[in-house]
Amino acid sequence: MVQSEMSFYNSSQSSTYKQQPILYIVVPCYNEEEVFTLTVEHLTEVMTSMVQEQLVSRESRLMFVDDGSRDTTWLQIAAARRENPWVTGLKLARNAGHQKALLAGLMYAKEFADCVVSMDADLQDDTGVVRDFVLRYREGYDVVYGVRRSRETDTWFKRWSAEKFYKLMQRMGVNTVYNHADYRLMSKRALEHLAEYKEVNVFLRGIVPLIGFRTTVVEYDRHERAAGESKYPLKKMLSFAWEGITSFSVKPMRIVTMIGFLSLGASLLAAIYALMSKIMGMTVSGWTSLMVSVWFIGSIQLLALGVIGEYIGKIYNEVKHRPLYVIDEVLHEQPSAAAAPWKEAGWKE
Ligand code: UDP
Ligand code: MG
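Note that the structure is a prediction, hence the values are computed from the model and not measured.

Here is what the cut-offs are and how they apply
- Residues numbered from 1 in each chain as written.
- Chains lettered and ligands numbered in written order.
- Predicted model: local features only at pLDDT ≥ 70, side-chain atom pairs only at ≥ 80, totals over all residues.
- Heavy atoms only, no water.
- Helix = DSSP H or I, 4+ residues; strand = E, 2+ residues; numbered from the N terminus.
- Buried < 20%, exposed > 50% of the residue type's maximum accessible area, 1.4 Å probe, protein only.
- Areas by Shrake-Rupley, 256 points an atom, 1.4 Å probe, with all protein chains shown as cover.
- Salt bridge = Lys/Arg side-chain N within 4 Å of Asp/Glu carboxyl O.
- Phe/Tyr/Trp six-rings, centres within 6.5 Å; stacked < 30°, edge-to-face > 60°.
- Lys NZ or Arg CZ within 6 Å of the ring centre and 35° of its normal.
- Pairing = 2+ DSSP bridges.
- Donors = N, O, S within 2.8 Å, 3.2 Å for Na, K, Ca; no water.
- Core = buried A, V, L, I, M, F, W, Y, C linked by side-chain atoms within 4.5 Å.
- Contact = heavy atoms within 4.5 Å.
- Patch = residues over 30% accessible without salt bridge, like charges linked within 9 Å, V, L, I, M, F, W, Y side chains within 5 Å.
- Expected span 1.5 Å × (residues − 1).
- Near = heavy atom within 4 Å.
- Polar contact = N/O pair within 3.5 Å; in protein donor to acceptor, adjacent residues only side chain to side chain.
- Nonpolar A, V, L, I, M, F, W, Y, C, P; charged D, E, K, R; others polar.
- pLDDT = per-residue confidence, 0-100.

Draft legend 1. Structural context of the overall build of the protein chain. Each helix and strand counted, the protein chain has 12 helices and 8 strands in total. Burial statistics for the protein chain: of 349 residues in total, 45% are counted as buried. Accessible surface computed for the protein chain: about 19500 Å², of which carbon and sulfur atoms make up 61%.

Structural data, given as structure tokens:
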């Protein structure tokens, strides 16, 4: 596998990166009965071999999150749990959507795990790279992004739309990792900071890069869905993109303001044109005043909307209550020593 460093910040290796971490693999499942058995088999193999190699702790688990499936997915998870010691399950009361189901799993798993890998249930993501994720974690990375090497197995439409999606996000000022879906490893402390993002519109791909810490990417090949069909039809994909943009960017509103300015400029030109025509006597009466006022009022309205939009944008950013910063490392005494540092120096109180 090829790894490229995204972070050049080289922090000293902290003891939080365990050599044999407890790994949880969180898998959101929505109507995945056709592929579930295969997925469990596959992931059990991955887990067993990593435990045997002493890469991860024996307390590691697979966590399947049933996102309000209407088929037998949950029954299958429960059945798997009875015979497979790795399997654990979480059942959401109703279909909350992929992102929220994933978040539920991550938040539950972080209480038990040292690091958590999230992946889809359909085995599209190469399960072999979980091992690489863990190796990177052991080197001291808090977030490891799985990035698709090529999209040859996707339909041309999916490829095209995905590319447009990343480009658009970039243009709208949303910082995402190119060709990274939700296949990633996060350390316990990264997850604890993720928990501080209280927003209701969950767009994990946008939030995770905001956290920071040492991050890296691992490339992998994306396979075709092992069984069943995509739960992301065009409509859901579009709404996902829209959610991503509107949760992270006030650019659409800025565009309104910009159009306002442009049309104010245009109204000036229109006014000049209308006045010229009037002077040259090429108009019927009333045309000039109508022409000028329609343009002018129109552009003022657009500008006013844009300005209101700016303020709404501010409110919108405030109500999200995002954490303002994340502390990575502290070089400071522990509270007990800090209480009276002068004592150590031999001073009198
Ligand atoms: N999924 C979910 N809830 C939903 C839709 C999808 O938990 O409402 C899960 C689904 O079971 C799968 C993952 O999200 O594990 C990704 O979905 P899918 O593979 O259908 O998306 P695609 O790979 O086609 O974009
Ligand atoms: Mg899929």
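There is more to say, and it comes next.
Draft legend 2. Seen up close, the pattern of salt bridges. Using the criterion set out here, one finds 11 salt bridges in the structure. Here Glu111 ties to Lys110 by a salt bridge, and the two come within 2.8 Å at their closest N and O atoms. Here Arg136 and Glu139 are joined by a salt bridge, their closest N and O atoms 2.9 Å apart. Through salt bridges that share partners, Arg149, Glu219 and Asp221 make up one connected network.

Draft legend 3. Local environment of the packing of aromatic side chains. With the rule as written, the count across this model stands at 5 aromatic pairs. Summarising the aromatic geometry, the rings of Tyr108 and Phe112 are spaced 5.6 Å apart at their centres and angled 35 degrees between planes, so their arrangement reads as tilted. The class for Tyr108 is partly exposed, based on a relative accessible area of 42%. The ring of Phe213 carries Arg189 above its face, with NZ or CZ at 3.9 Å from the centroid. Against the face of Tyr141 rests Arg214, its NZ or CZ located 4.4 Å from the ring centre.

Draft legend 4. The arrangement of the pairing of strand β8 (residues 215-220) in detail. Most of β8 is tucked away: 5 of the 6 residues are buried. With 6 bridges connecting them, strand β6 (residues 143-148) and β8 associate as parallel partners. When the bridges of β8 are listed, Val147 appears paired with Glu219.

Draft legend 5. How the structure looks around the coordination of the magnesium ion (ligand 2). All of the protein donors around the magnesium ion (ligand 2) are Asp122 (OD) and Gln124 (OE1); their distances to the metal are 1.9 to 2.0 Å. Gln124 shares its class with Asp122; the two are buried.

Draft legend 6. Highlighting the nonpolar core. With 41 residues, the main nonpolar core has Val26, Leu106, Val116, Met186 and Leu194 as its most contacted residues. Residue assignment for this core shows that the elements contributing at least two residues are β2 (23-29), β3 (61-66), α3 (98-109), β6, α5 (156-171), α6 (188-194), α7 (204-211) and α8 (234-248). Those residues in contact with Val26, other than ones at most four positions away along the chain, are Met63, Val65, Leu102, Gly105, Leu106, Ala109, Val116, Val117, Ser118 and Met119. Residues Phe36, Phe64, Ala80 and Tyr183 belong to the second largest nonpolar core, which totals 35 residues.

Draft legend 7. How the structure looks around a nonpolar patch on the surface. Taken together, the side chains of Leu268, Leu269, Ile272, Leu275, Met276, Ile279, Met280 and Met282 present a nonpolar region at the surface, about 920 Å² in accessible area. Counting through the fold element by element, Leu275 comes out in helix α9 (residues 251-279).

Draft legend 8. Broad picture of α3. The terminal C-alpha atoms of α3, which comprises 12 residues, lie 16 Å apart, in line with the 16 Å expected from a rise of 1.5 Å per residue. Those residues of α3 that sit buried are His98, Gln99, Ala101, Leu102, Gly105, Leu106, Met107 and Ala109.

Draft legend 9. Main features of the site of ligand 1. Among the 19 residues in the neighbourhood of ligand 1, the closest are listed as Glu32, Asp67, Asp122, Ser230 and Lys231. Contacts to ligand 1 include Tyr30, whose backbone N or O atom sits 2.8 Å from an oxygen atom. At a separation of 3.0 Å, an oxygen atom of ligand 1 approaches a polar side-chain atom of Arg222. When ligand 1 sits alone it has 540 Å² of accessible area, and the protein chains cover 95% of it. Its residues assigned to classes, the shell around ligand 1 comprises 5 nonpolar, 5 polar and 9 charged.

Draft legend 10. Inspection of helix α10 (residues 287-319) at higher detail. Between its first and last C-alpha, α10 extends 48 Å over 33 residues, near the 48 Å set by a 1.5 Å rise per residue. Buried positions along α10 lie against α9. Backbone geometry just downstream of α10 places His321 in the positive-phi region, at approximately 50 degrees.

Draft legend 11. Representation of the confidence of the model for the protein chain. Averaged over every residue, the pLDDT of the protein chain is 83; the share at 70 or more is 87%. Within the protein chain, no element has a lower average pLDDT than strand β1 (residues 3-5), which sits at 43, and none a higher one than strand β5 (residues 115-118), at 96. Confidence over residues 1-15 falls short of pLDDT 50; this stretch has 33 contacts with residues more than four positions distant or in other chains.

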